[in-house]
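Observations on the three-dimensional arrangement
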Amino acid sequence: MDFKFTEDEEVFRLEVRQWLKQEIPQKWIELDPGIWEETEESWTLAREFQRKLGQKGWLAPSYPKEYGGLELSHMKRLILAEELAYSRAPLSIEVEVTVNWVAPSIILFGTEKQKKDYVSSVAKGDIILCLGYSEPNAGSDLASLQTRAVEVGDEYVINGQKTWCSYGHLADYCWLAARTDPDASKHEGISIFIVDMKTPGITIRPLINILNRHSFNEVFFDDVRIPKESLVGQKNKGWYQLVIALDFERSSIGYAAANQRLIEELIKYAKETTRSGEPLANDPLIRNELAQLAVENEVARMMAYRIAWMFSKGLHPSYESSMSMVFISEVMRHTANAGMRILGHYGELDRDSKWAVMNARIMRMCLSSLSIGVGGGSNEIQRNIIAMRGLGLPRK
Amino acid sequence: MDLGLSEEQEMLKKLARDFLQKECPKRLVRQLDESDQGYSSELWHKMAELGWMGLVFPEKYGGSERNFLDLTILLEEMGYNIVPGPFFSTVVLGGLTVLTAGSEEQKMEFLPKIASGEMILSLALTEPTASYDAASVKTKAIAHNGKYVIKGTKLFVLNANVADYILCVARTKQAKNPENGITLFLVDAKSPGVKCTLLKTLARDKQCEVVFDNVTVSEKSIVGERDGGWPIVKDVLQKATVAKCAEMVGGTQAALDMAVNYAKERVQFGRPIGSFQAIQHYCANMATDVSGSRFVTYKAAWKVSEGLPAALDVAIAKAWASEAYGRITLSAHQIFGAIGFTMDHDIHLYYRQAKAAEIIFGDADFQRAIVARELGL
Ligand SMILES: Cc1cc2nc3c(=O)[nH]c(=O)nc-3n(C[C@H](O)[C@H](O)[C@H](O)COP(=O)(O)OP(=O)(O)OC[C@H]3O[C@@H](n4cnc5c(N)ncnc54)[C@H](O)[C@@H]3O)c2cc1C
């Protein structure tokens, strides 16, 4: 056992940190978009930054060199992910989805042409894909999706509706799951496609999220014709590809690192703020609360480290990722709630209030953290996975 | 012993439920949340016509002489529906203060106008320390030629932006014990030197910064005794805390009802999600929390209503309800999944309320400290 990073890894961390210090635009820091708070303005800044990161090879560092990656070790990836999240670098969630789920699926299942067309562009930061999975009646039960893709000549014609499609209005392509065989059992007739979001027949309707921002959308497909080569992997085997993609490394390390930063800011606030003549940091209840947050976050971090370590040993975590995701989601909610208690009335203030503290990050987290245990597989579904896949408990 | 509502209370509850459902739909709630004013004068006057503003005032002041417990039943329903506006400020924080501590002249002047919906009040107590203790009252009122000049900054003042009068808690004398030397003034909100700025908050309730920049008021505007204001504040805070708990109980009930209904309707994997034990357990825990909050709140409200010592029970109710409301709305969000993460859905309105209610008049830690003290620790 050895919990130390190697010297080489430590040098790498410093290099990343140094680079981020120079490259994160001031404007981004001012806009300070939290989770699900991207605007077109911040999105544009983020895309510029992502290209820079791509040029460094740090956007998709683990990809094979032929597709623009550096074949970086899992531990260095971990370090990079930590530093990016801790520094609040301009990376939208869709980039993570694109880099960590979509492109690796293409590497695994795509044709040579698809790999050439998409994977290197992803690694360069040139394209972003949105996820077209959920439908009004297919949330946790994703396999019951109804959007149809029918083969006609050398095209597929798509009809149906997707929902909760995050940043669908800003993404270049959609990574779409559609039903290609309506007669087969529900897991058997699904296929995956890459669809250009500018294709005629696609209508996007904004959904305003709880932070009063436009992050997700309903996407309607109305006789949308796409070339046959848009199919990824095997026809009707999309479900199995999709499940494997869900097991790809989930970046709960990013959440843990971002949350670490927030806890540190709370600690700073507690030290600098006096109430009834005493620093908040002297209040035993507040000390206890902050210490507990630090404990929980360290537990979350070790769970994420374990996943990176498993990958580095050639193992494939599955329920271990679920544990890590469920746990960090609850730590983040706890941090938001505890932060609110520590800040008291000040925690309620939104950004443009003159008395707001910590740039209203706590009140925004109170809202945004609600999504962490829901999107991308709810905590209940993750717990089912831990119980059944992880512990072998019976289904019935 | 009787833990149930009287027939009259049941009627009040039902009337309030039906009226608010019809007259204060969530469409209006959202609209008011987004507006600067934060209340609808049409709804306000209808509520006044129903006698809600004067519910607990004696008849001679235009009231209907019901008791405090009745008021909490009404507030529970207001919490169930969510009714944006200055009812709480005007009736609980302002009206009850004037009723308990005001002079006959003040009662005659203010209470009938409150009861008829003509007057809106606000209580300016908290300051930049954001806490509810006497030592935090730094705003000064200095006697000058038979008048008083008020100077200081009040923060997190509810509904001051629409108030006709602001009850300002100010220090008139420096004393060793910070509870001495505090005086309450009824300040015309239009007085020169009163500057009110709306603060944008999570619950989109209308909290304000109110700056008193050398505001001159007459001696007649003092409520209660000069330098003897703190016991009045303590009394109103106790009532307000129970009243807030009642609102919270209503909110928890609404969140539970919404979540349970959805769990019955929403189908995934070919069955209602409410048939999954994970969801059933959430609902069961929520129901338990609602019930727990309700009866400790009723007990505290009953004690206050009967004029019995209630410090322990009030603190227990707020300590419990503060955290229960948060837990319940969080579970509700979990049950709603992505749809609950939208602005269009109603559940976040309750989640936001829960956060504000948790903090106001002291959070659970603050209340537990009172409980410990009351237990002789
Ligand atoms: C912010 C955000 C962004 C999103 N972005 C995207 C996106 O870009 N693309 C996309 O396709 N989707 C996206 N989603 C949708 C997300 O994938 C779904 O929310 C998720 O799959 C859950 O589905 P649902 O919301 O319909 O909830 P439901 O599936 O209806 O679940 C409701 C409740 O029932 C529970 N439940 C369901 N089944 C079971 C079970 N078997 N056992 C126990 N409990 C169960 C759930 O855990 C939840 O508590 C996003 C969601 C959010 C919140």
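Residues numbered from 1 in each chain as written. Chains lettered and ligands numbered in written order. Predicted model: local features only at pLDDT ≥ 70, side-chain atom pairs only at ≥ 80, totals over all residues. Heavy atoms only, no water.

1. A closer look at the overall build of chain A
The test is simple: Here a helix means four or more residues in a row that DSSP labels H or I, a strand means two or more in a row labelled E, and each is numbered from the N terminus. Note on classification: 1.4 Å probe, protein chains only; a residue is buried when its accessible area is under 20% of the maximum for its type, exposed when over 50%, partly exposed between these limits. Every residue pair with non-hydrogen atoms within 4.5 Å of one another is taken to be in contact. Computed with a 1.4 Å probe, the accessible areas rest on the Shrake-Rupley method; for each residue, only the protein chains presented here act as cover. Asp and Glu count as negative and Lys and Arg as positive, but His and the ends of the chain are not part of the count. To locate a charge, take NZ of a lysine, CZ of an arginine, CG of an aspartate or CD of a glutamate.
What chain A contains, in helices and strands, is twelve helices and ten strands. On the principal axes, the C-alpha backbone points of chain A span a range of 80 × 50 × 45 Å. Across the 396 residues of chain A, 56% fall into the buried class. Nonlocal contacts in chain A, meaning residues at least 24 apart in sequence, comprise 72% of its contacts between residues at least 6 apart. Summed over its atoms, the accessible surface of chain A is roughly 17,300 Å², and 53% of this surface lies on carbon and sulfur atoms. Distance between charge centroids for chain A: 1 Å, based on 47 positive and 53 negative side chains.

2. Here's the deal with the state of the cysteines
All names here are of chain B. The condition that has to hold: The criterion for a disulfide is a pair of cysteine sulfur atoms lying within 2.5 Å.
In total, this model carries zero disulfides over all chains according to the counting rule given. C24 takes part in no disulfide bond, and the closest cysteine sulfur to it belongs to C208, at a distance of 19 Å. The exposure class assigned to C24 is buried, which follows from its relative accessible area of 1%. Of all cysteine sulfurs, the one in C196 lies closest to C168, which takes part in no disulfide; the gap is 13 Å. Among the residues examined, C168 registers a relative accessible area of 0% and is labelled buried.

3. Looking at the domain arrangement of chain A
Residues and elements named next belong to chain A. Which entries qualify depends on this criterion: The domain limits used here are those given by an automatic or database domain assignment. Two parts lose some accessible area (1.4 Å probe) when they are put together, and adding that loss for both gives the buried area. Salt bridge, as used here, is a side-chain nitrogen of Lys or Arg placed within 4 Å of a carboxyl oxygen of Asp or Glu. By the criterion applied in these results, polar contacts are pairs of N or O atoms within 3.5 Å in which, for protein atoms, one can donate a hydrogen and the other can accept it, and in which residues neighboring in sequence qualify only through two side-chain atoms. Asp, Glu, Lys and Arg are counted as charged, while Ala, Val, Leu, Ile, Met, Phe, Trp, Tyr, Cys and Pro are counted as nonpolar; the rest, among them Gly, fall into the polar class.
Taken domain by domain, chain A comprises domain 1 (7–91), domain 2 (131–236) and domain 3 (250–390). Here domain 1 and domain 2 have C-alpha centroids that lie 29 Å from each other. Contacts between the two partners involve eight residues from domain 1 and, on the opposite side, ten residues from domain 2. Across the domain 1 to domain 2 interface the summed buried area is about 850 Å²; carbon plus sulfur atoms make up 59%. Taken together, domain 1 and domain 2 are joined by one salt bridge. Here D172 ties to R47 by a salt bridge, and the two come within 2.9 Å at their closest N and O atoms. Counting the contacts that link domain 1 with domain 2 gives four residue pairs in polar contact (both at pLDDT 80 or more). Its residues placed into classes, the side of domain 1 that touches domain 2 shows three nonpolar, one polar and four charged.

4. Examining the side chain of K13 of chain B
Structurally, the position occupied by K13 of chain B is in helix α1 (residues 7–23). Those residues in contact with K13 of chain B, other than ones at most four positions away along the chain, are L5, I73, E76 and E77 of chain B.

5. Some points on the domain arrangement of chain B
For an interface, size is often stated in terms of accessible area lost upon the parts coming together. Residues and elements named next belong to chain B. The domains assigned to chain B are domain 1 (7–119), domain 2 (123–227) and domain 3 (231–374). Counting from both sides, the interface comprises twelve residues of domain 2 and, opposite them, 16 residues of domain 3. Contact between domain 2 and domain 3 buries roughly 1,100 Å² in total, counting both sides, with carbon and sulfur atoms accounting for 75%. Summed over the three residues of domain 2 that lose the most area to domain 3, namely Y132, L202 and R204, the buried surface amounts to 49% of that side. Linking domain 2 with domain 3 are zero salt bridges, by the criterion used here. Inspection of the domain 2/domain 3 interface yields two residue pairs in polar contact (both at pLDDT 80 or more).

6. Quick notes on the pairing of strand β2 (residues 140–144) of chain B
Residue and element names in this part refer to chain B. This is how it is decided: Strands were regarded as paired on the criterion that DSSP finds at least two bridges between them.
In this structure, β2 lies alongside strand β3 (residues 147–158), joined through five bridges in antiparallel fashion. If you follow H144 over to β3, its bridge partner there is K147. Connecting β2 to the next strand, β3, in antiparallel fashion are two residues, including N145 with a positive phi near 50 degrees.

7. What to know about the interface of chain B and chain A
Listed as interface residues are 41 residues of chain B and, on the opposing side, 45 residues of chain A. A combined buried area of about 3,800 Å² lies between chain B and chain A, and 61% of that area is made up of carbon and sulfur atoms. A salt bridge links D350 of chain A to K200 of chain B, with the shortest nitrogen-to-oxygen separation between them at 3.7 Å. Applying the counting rule to chain B against chain A returns 23 residue pairs in polar contact (both at pLDDT 80 or more). Of all the secondary structure elements, the ones that give two or more residues to the side of chain B that touches chain A are β3, β7 (207–218), α8 (277–306), α9 (311–336) and α10 (347–359) of chain B. With seven residues, the single largest contributor to the side of chain B that touches chain A is α10 of chain B. Taken together, the residues of the side of chain B that touches chain A break down into 19 nonpolar, twelve polar and ten charged.

8. Looking at the site of the ligand
Threshold: Any residue with a heavy atom positioned within 4 Å of a molecule or strand is treated as near that molecule or strand.
Taken together, 29 residues lie near the ligand, and S140, W164, S378 and E380 of chain A together with R266 of chain B sit nearest. Flanking the ligand are residues from chains A and B. At 3.4 Å from an oxygen atom of the ligand is found a side-chain nitrogen or oxygen belonging to Q268 of chain B. Within the backbone of Q334 of chain B, an N or O atom sits 2.6 Å from an oxygen atom of the ligand. For the ligand, the protein covers 93% of the area, taking 970 Å² as the surface of the free molecule. At the level of secondary structure, the elements contributing two or more residues to the shell around the ligand comprise β3 (155–166) and α12 (379–390) of chain A together with α9 of chain B. Residue composition of the shell around the ligand, grouped by class: 15 nonpolar, twelve polar and two charged.

9. Focus on the side chain of N379 of chain A
Topologically, N379 of chain A is positioned in helix α12. Reaching out from N379 of chain A, the side chain makes a polar contact with the side chain of S329 of chain A at a distance of 2.9 Å. Residue contacts for N379 of chain A: discarding those within four places in its chain leaves V326, S329, E330 and G373 of chain A together with Q334 of chain B.

10. Some points on the packing of helix α8 (residues 252–272) of chain A against helix α11 (residues 361–372) of chain A
In helix packing, the relevant descriptors are the interaxial angle and the interaxial distance, both defined with respect to the helix axes. All names here are of chain A. Heads up, the condition is: Only the stretch in contact is used when fitting a helix axis, every axis being a line fitted to C-alpha atoms; angles between N-to-C directions are given from 0 to 180 degrees. Note on terminology: angles under 35 degrees are roughly parallel, angles over 145 are roughly antiparallel, angles of 65 to 115 are roughly perpendicular, and the others are oblique. By the definition used in this description, the sense in which the near helix is turned from the far one sets the handedness, with an anticlockwise turn below a right angle giving left-handed and a clockwise turn giving right-handed.
Viewed as axis vectors pointing N to C, α8 and α11 meet at an angle of 155 degrees, and their least axial separation amounts to 13 Å. Classified by the angle between their axes, α8 and α11 sit roughly antiparallel to one another. Crossing handedness for the pair α8 and α11: left-handed. Together, Y255, N259, L262, E265 and L266 of α8 and R361, I362, M365 and I372 of α11 make up the contact between the two elements. Of the residues in the contact of α8 with α11, the class split is six nonpolar, one polar and two charged.

11. A closer look at the nonpolar core
The test is simple: In plain words, nonpolar cores are sets of buried Ala, Val, Leu, Ile, Met, Phe, Trp, Tyr and Cys residues tied together by side-chain atoms within 4.5 Å.
In this structure, W175, F193 and V195 of chain A are the most contacted members of the largest nonpolar core, which totals 126 residues. Of all the elements, helix α10 (residues 319–343) of chain A adds the most residues to this core, at nine residues. Membership of the second largest hydrophobic core comes to 120 residues, among which are A48, L96, M248 and V314 of chain B.

12. Things to note about the packing of aromatic side chains
Residue and element names in this part refer to chain B. So the rule is basically this: Classification of ring pairs rests on two measures: the distance between centres of Phe, Tyr or Trp rings, Trp counted by its six-membered ring, which must be within 6.5 Å, and the angle between planes, read as stacked under 30 degrees, edge-to-face over 60 and tilted in between.
One pass over the structure, following the stated rule, counts 20 aromatic pairs over all chains. Centre to centre, the rings of Y132 and F361 are 5.9 Å apart; their planes meet at 65 degrees, and the pair counts as edge-to-face. Here F361 lies in the loop between α10 and α11 (364–374) and Y132 lies in the loop between β1 (121–124) and β2, a separation of 229 residues in the sequence. We classify Y132 as buried; its relative accessible area is 11%.

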